[in-house]
Amino acid sequence: MRPFDYIDGSLAAGPVRLADIAAAVGTPAYVYSADAVEAAYREFETALAPARICYAMKANGNLAVLRLLAGLGAGADVVSEGEFRRALAAGIAPERIVFSGVGKTEAEMEAALASGILQINAESAPEVRSLSRIAARIGRTASVALRINPDVDAGTLDQISTGRKTDKFGVAWTEAPALFREAAGLPGLSMEGIAVHIGSQLGDLDPYRRAFRRVAELVRTLRAEGARIRRLDLGGGFGIRYRDETPLPLAGYAALVREEVAGLGCELVVEPGRRLVGPAGVLLARVVAVKETPARRFVIVDAGMNDLVRPMIYGAWHDILPLDAPPAGAHYRPADVVGPVCETTDKFAEQRPLPPLAAGDLVAFCEAGAYGAVMASTYNGRPLVPEVLVRGGRFDVVRARPTFEESLALERVPDWLAASGGDG
Ligand SMILES: *Cc1c(COP(=O)(O)O)cnc(C)c1O
């Protein structure tokens, strides 16, 4: 079943009409289907058991979404102390969390080590040395996987490739043995594994195959040198359909994992992000005005690039569906769908064939559950938009729209300015 579909001509999440949600919480608003998140999680579980599924929460860090996944048995992949604390707050035990990221601060490493985190994925020699120093100082042993850069082109967008030798991520796979040798002599470290993550939105198994081969080769080399490699973290990157892409075949991925790395006898970790939550979310917006110029038809909506930035930073495509199903035989004409933000780049779609739309109509930006709300900003003084979770026939606001007062609450006017008054 598709997470969002028309019921009696009205786009709905399961049995819940999205128009009812828009009426209750206003627009713009993110809506997530808990049933769809759960189904996506089960698909991973079925395909990849007994691998550990550590949800890459940077895709969608909402506490309720995390709690839902935690309840299904997911661990988390975090990339900052903020995400780490959020995962803990959602009830994900530290022993189920891995910490990734190319620029962890010492404070972040210490917080993670002090909690007893499952694994830290180190991305450089200096980081390995820092982990040793901090762990020794606080009397802990750091479980470390070395994130290698396998020098594989994931064949995805340039901006979301992470495994080429010119990308900032990981340690060159050719340099891993030397770093393992160095780490063996450092206190406070247990070098347990290898991690790899070559990019996001992969549709093709081939780059995974090349990366996993490198990993397997490296594991054999390291073991021959006496290293005890017991865990492999295979990263995320599982592609979904935004426009006409074929989603990465999970069964094929599982077969690939069996062929290339399962024989090494390591515990396996996967870090899906987008695939678990992307298709499970939409961004609702209302048409503010339709402006016909001599050159273009502009559909101006009340969501902006600050609410959903993927089209602007990646040129990403999101399907745009009217909440009221267009009548049969509706005439589709190209339109530029733009937001209210004072930037020319505030454009969700260019020359997109769309049915007739008028001020007041509601639309949904599809596949917006991943890298949507988490990337939002308040640019142009626009409050973050609310998030709503649908489960069965009910929906709940899982992040409220901040009031304008709340938006100002952290800001202070220093005394010397306050004294000068606002009265001119
Ligand atoms: C972003 C990220 C992921 C998740 O990527 P998706 O494409 O959302 O699956 C997994 N692991 C690491 C280290 C990441 O940075």
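Peer 1: Break down the site of the ligand for me, with residues and values.
Peer 2: As a matter of local geometry, the ligand sits amid 16 residues, with Lys58, Ser200, Glu271, Arg274 and Tyr371 nearest to it. In the environment of the ligand, an oxygen atom lies 2.8 Å from a nitrogen or oxygen atom belonging to the side chain of Lys58. In this structure, Asp77 approaches the ligand through a side-chain N or O atom, which is 3.4 Å from a nitrogen atom. Protein chains shield 94% of the accessible area of the ligand, which is 380 Å² for the free molecule. Here the shell around the ligand is built from residues that sort into four nonpolar, seven polar and five charged.

Peer 1: Any details on the nonpolar core? Residues and values, ideally.
Peer 2: One finds Leu146, Ile194, Phe212, Leu232, Tyr253, Val301 and Phe365 to be the most contacted residues of the largest nonpolar core, which totals 108 residues. Of all the elements, helix H8 (residues 206-224) adds the most residues to this core, at eight residues. Setting aside its immediate chain neighbours within four residues, Phe212 contacts Val196, Leu234, Tyr253, Leu256, Val257, Glu260 and Val261. Listed in part, the 18 residues of the second largest apolar core include Ala13, Val16, Val282 and Val388.

Peer 1: Give a description of helix H6 (residues 125-138) that names residues and reports values.
Peer 2: Taking 1.5 Å per residue, 14 residues should reach 20 Å; H6 reaches 20 Å between its end C-alpha atoms and fits that length. Three or more residues of H6 are buried, namely Glu127, Val128, Ser130, Leu131, Ser132, Ile134 and Ala135. Lining the buried residues of H6 we find helix H5 (106-115), strand S8 (119-122), strand S9 (142-149), helix H7 (176-184) and strand S11 (189-195). Gly139 sits one or two positions beyond H6 and adopts a positive phi of about 70 degrees.

Peer 1: Summarise unusual backbone geometry; cite the residues concerned and give the values.
Peer 2: In the segment running from Thr27 into Pro28, the intervening peptide bond is cis, with an omega of -10 degrees. By secondary structure assignment, the location of Pro28 is in the loop between helix H1 (18-25) and strand S4 (29-33). Here the bond from Ala49 into Pro50 is cis, since omega is 5 degrees, no more than 30 degrees from zero. Here Pro50 lies in the loop between helix H2 (34-48) and strand S5 (52-56).

Peer 1: I'd like a description of helix H4 (residues 81-89), backed by residues and values.
Peer 2: Within the sequence span of H4, burial applies to Glu81, Glu83, Phe84 and Ala87. Along H4, the residues classed as buried sweep out an arc of 160 degrees about the axis, all on the same side. Contact partners of the buried residues in H4: helix H3 (63-72), strand S6 (75-78), strand S7 (97-99) and H5. The distance from a side-chain oxygen at the start of H4 to the backbone nitrogen of Gly82 is 3.3 Å, and the residue carrying that oxygen is Ser80. At the exit of H4 stands Gly91, carrying a positive phi of roughly 95 degrees.

Peer 1: I'd like a rundown of the domain arrangement of the protein, residues and numbers included.
Peer 2: Here the protein is described as being made up of domain 1 (4-30 + 278-408) and domain 2 (101-270). The gap between the C-alpha centroids of domain 1 and domain 2 is 36 Å. The interface is formed by 10 residues belonging to domain 1 together with eight residues belonging to domain 2. Here domain 1 packs against domain 2, burying approximately 850 Å² in sum over the two surfaces, 58% of which is carbon and sulfur. Among the residues domain 1 hides against domain 2, the three largest losses belong to Tyr314, Trp317 and Glu367. Together they make up 62% of the total.

Peer 1: Give me the lowdown on the packing of H5 against H6, citing residues and values where you can.
Peer 2: The contact between H5 and H6 brings their axes to 10 Å, and the two run at 50 degrees. With respect to each other, H5 and H6 are oriented oblique. Of the two elements, H5 crosses H6, and the hand of that crossing is right-handed. Judged by residue contacts, Glu106, Met109, Glu110, Leu113 and Ala114 of H5 engage Glu127, Ser130, Leu131, Arg133, Ile134, Ala135, Arg137 and Ile138 from H6. For the contact of H5 with H6, the class distribution of residues is seven nonpolar, one polar and five charged.

Peer 1: Account for the pattern of salt bridges, with residues named and values stated.
Peer 2: Evaluated as defined, the whole model comprises 36 salt bridges. Residue Glu110 is joined to Arg137 by a salt bridge in which the shortest nitrogen-to-oxygen separation is 3.3 Å. With Glu110 in helix H5 and Arg137 in helix H6, this pair connects stretches of sequence that are 27 residues apart. Classification of Glu110 by relative accessible area gives partly exposed; the value is 28%. Between Arg394 and Asp396 there is a salt bridge whose closest N-O contact spans 2.6 Å. Taken together, the shared-partner salt bridges in this structure form one network comprising Arg52, Glu192, Arg228, Arg230, Arg231 and Glu267.

Peer 1: How would you sum up the packing of aromatic side chains? Please name residues and give values.
Peer 2: One pass over the structure, following the stated rule, counts nine aromatic pairs. Between the aromatic rings of Phe348 and Phe365, the centroid separation amounts to 4.5 Å while the plane-to-plane angle is 40 degrees, which identifies the pairing as tilted. Of the two residues, Phe348 sits in strand S18 (residues 347-354) while Phe365 sits in strand S19 (residues 362-365), which places them 17 residues apart along the sequence. Within the aromatic cluster, the residues linked to one another by ring pairs are Phe44, Tyr208, Phe212, Phe238 and Tyr253. Sitting above the plane of the Trp317 ring, Arg243 keeps its charged end 3.7 Å from the centroid. The aromatic ring of Trp317 is capped on one face by Arg352, whose charged end is 3.4 Å from the ring centroid.

How each quantity is defined
- Residues numbered from 1 in each chain as written.
- Predicted model: local features only at pLDDT ≥ 70, side-chain atom pairs only at ≥ 80, totals over all residues.
- Heavy atoms only, no water.
- Near = heavy atom within 4 Å.
- Polar contact = N/O pair within 3.5 Å; in protein donor to acceptor, adjacent residues only side chain to side chain.
- Areas by Shrake-Rupley, 256 points an atom, 1.4 Å probe, with all protein chains shown as cover.
- Nonpolar A, V, L, I, M, F, W, Y, C, P; charged D, E, K, R; others polar.
- Core = buried A, V, L, I, M, F, W, Y, C linked by side-chain atoms within 4.5 Å.
- Buried < 20%, exposed > 50% of the residue type's maximum accessible area, 1.4 Å probe, protein only.
- Helix = DSSP H or I, 4+ residues; strand = E, 2+ residues; numbered from the N terminus.
- Contact = heavy atoms within 4.5 Å.
- Expected span 1.5 Å × (residues − 1).
- Arc of directions from axis to C-beta.
- Domains from an automatic or database assignment.
- Buried area = accessible area lost by both parts, 1.4 Å probe.
- Axes fitted to C-alpha atoms, helices over the stretch in contact; angles between N-to-C directions.
- Parallel < 35°, antiparallel > 145°, perpendicular 65-115°, else oblique.
- Left-handed = near helix turned anticlockwise from the far one by under 90°.
- Salt bridge = Lys/Arg side-chain N within 4 Å of Asp/Glu carboxyl O.
- Phe/Tyr/Trp six-rings, centres within 6.5 Å; stacked < 30°, edge-to-face > 60°.
- Lys NZ or Arg CZ within 6 Å of the ring centre and 35° of its normal.

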